[in-house]
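Descriptive structure summary
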Amino acid sequence: MIGIRRCCVFCRKPRSTVDATGWDRCESCATNVISRGRDAREAAARVLTQIRHFSISISMPVRCEVVDGERLLELGGDDSTMGLTARQENLRWGRLEKKAEILVRRRLPVEVFESTLAHELVHVAVFESGRTDLPMEVEEGLAQYVSWRYLTEFATDSPVTLHWAKTIANHPDPIYGGGFRMVADRVAQEGFGPIWRAIRDGENPFDGEADEPRRHFAIPGKRSRFDNQRSPLNQG
C-alpha cells in the first residue's frame, strides 16, 4: 500500500513535523517563524513602510502582538484564524480618539506573518478613514489584495511566498476570494490608488457589485470590534 504524502500547509514541501494546531510543517516553516513580540513589531514597521507604496498611510496608534491560537479562539476566531484587529474609539476631553491592536498567530512563517499584517493594516486604515459602511466583500477584498501584492512585490522570494500568494488568489470563499478577485479586476483597469482614494473619500467604487453588509466580532466587556483574517489552509 502506498502512503499518502503529507505536505506543509504553508509551502507544500514534504512535512517534517506537526505543530500543536495540527498543521503539517516542513523544517523551514517550523523554524523560520515569528514568535516574539519584538520580532512582530519589527515586522510591523517593515510592512507599514511597504504599504505606503499603495498610498496607504496610518497615523493612529497601532499595537502589534503575537498570541497563541487559544487567544484567537477566545476573541471569536477559529482554528484557521491568522490574525485579528481590535478597533477602539474613546471620547477624551471632547475629542474622539482611535487606536487599534493587531493580534497575529504565534509561530507563523515570516512571509505569512507579514502578509497577514498587511491584511490587518488595511482594516486599520479603513477604520482610521471613518468608513464603517463598506460591504464585507469590499473591505476584505481590499485587505486580501494588499496582502497578495505585498507577497508578490516585497516578501522574500520563497516557496512560502509563492504558495501563499496562490492561496489568496484562489481562495474559494465568496467574501475573501471573491472580494480579492473583484478588487484585482478593478485594479487592473484603474490602478489601486484611485480606488483607495475613493474609499477614503467616502465613496464605494464597487457599488452594485458587493452588497453584503459589514460584520464584526463582538468582544464581551469591551467597546471594540474585531476583524477576523482566516486562512485557506486547505487550498492546494
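Residues numbered from 1 in each chain as written. Predicted model: local features only at pLDDT ≥ 70, side-chain atom pairs only at ≥ 80, totals over all residues. Heavy atoms only, no water.

**Remarks on the overall build of the protein**
Helices and strands together make up the secondary structure of the protein, namely eight helices and nine strands. Looking at the protein alone, contacts between residues at least 24 apart form 71% of all its contacts between residues at least 6 apart. When the accessible surface of the protein is split by element, carbon and sulfur atoms take 47% of a total near 11500 Å². (Helix = DSSP H or I, 4+ residues; strand = E, 2+ residues; numbered from the N terminus. Contact = heavy atoms within 4.5 Å. Areas by Shrake-Rupley, 256 points an atom, 1.4 Å probe, with all protein chains shown as cover.)

**Let's talk about the pattern of salt bridges**
Overall, the coordinates contain 14 salt bridges when judged by the stated rule. With a shortest N-O distance of 2.5 Å, Arg-46 and Glu-114 are connected by a salt bridge. Here Arg-46, found in helix α2 (residues 37-51), pairs with Glu-114, found in helix α4 (residues 110-129); they are 68 residues apart in sequence, far enough to count as distant. Beyond isolated ion pairs, a larger network of salt bridges with shared partners links Arg-6, Arg-15 and Asp-24. (Salt bridge = Lys/Arg side-chain N within 4 Å of Asp/Glu carboxyl O.)

**Re the packing of α4 against helix α5 (residues 136-153)**
One way to put it is that α4 packs onto α5 with a least axis distance of 8 Å and a crossing angle of 140 degrees. Crossing of α4 over α5 shows right-handed handedness. Two secondary-structure elements touch here, α4 through Glu-111, Glu-114, Ser-115, Thr-116, Ala-118, His-119, Val-122, His-123 and Val-126 and α5 through Glu-139, Glu-140, Leu-142, Ala-143, Gln-144, Val-146, Ser-147, Tyr-150 and Leu-151. Its residues assigned to classes, the contact of α4 with α5 shows eight nonpolar, six polar and four charged. (Axes fitted to C-alpha atoms, helices over the stretch in contact; angles between N-to-C directions. Left-handed = near helix turned anticlockwise from the far one by under 90°. Nonpolar A, V, L, I, M, F, W, Y, C, P; charged D, E, K, R; others polar.)

**Re the environment of Gly-141**
Residue position: Gly-141 is located in helix α5. Gly-141 sits in the buried class, given a relative accessible area of 0%. Along the sequence, Gly-141 and Gly-179 sit 38 residues apart, while their C-alpha atoms lie 3.8 Å from each other. (Buried < 20%, exposed > 50% of the residue type's maximum accessible area, 1.4 Å probe, protein only.)

**Some details on unusual backbone geometry**
Unusually for a residue other than glycine, Arg-12 sits at a positive phi of about 75 degrees. In this structure, Arg-12 sits in the segment before β1 (17-18). Even without being glycine, Arg-107 reaches a positive phi, approximately 70 degrees. Secondary-structure assignment places Arg-107 in the loop between β6 (95-105) and β7 (108-109).

Without other data, these values stay purely geometric and don't point to any function.
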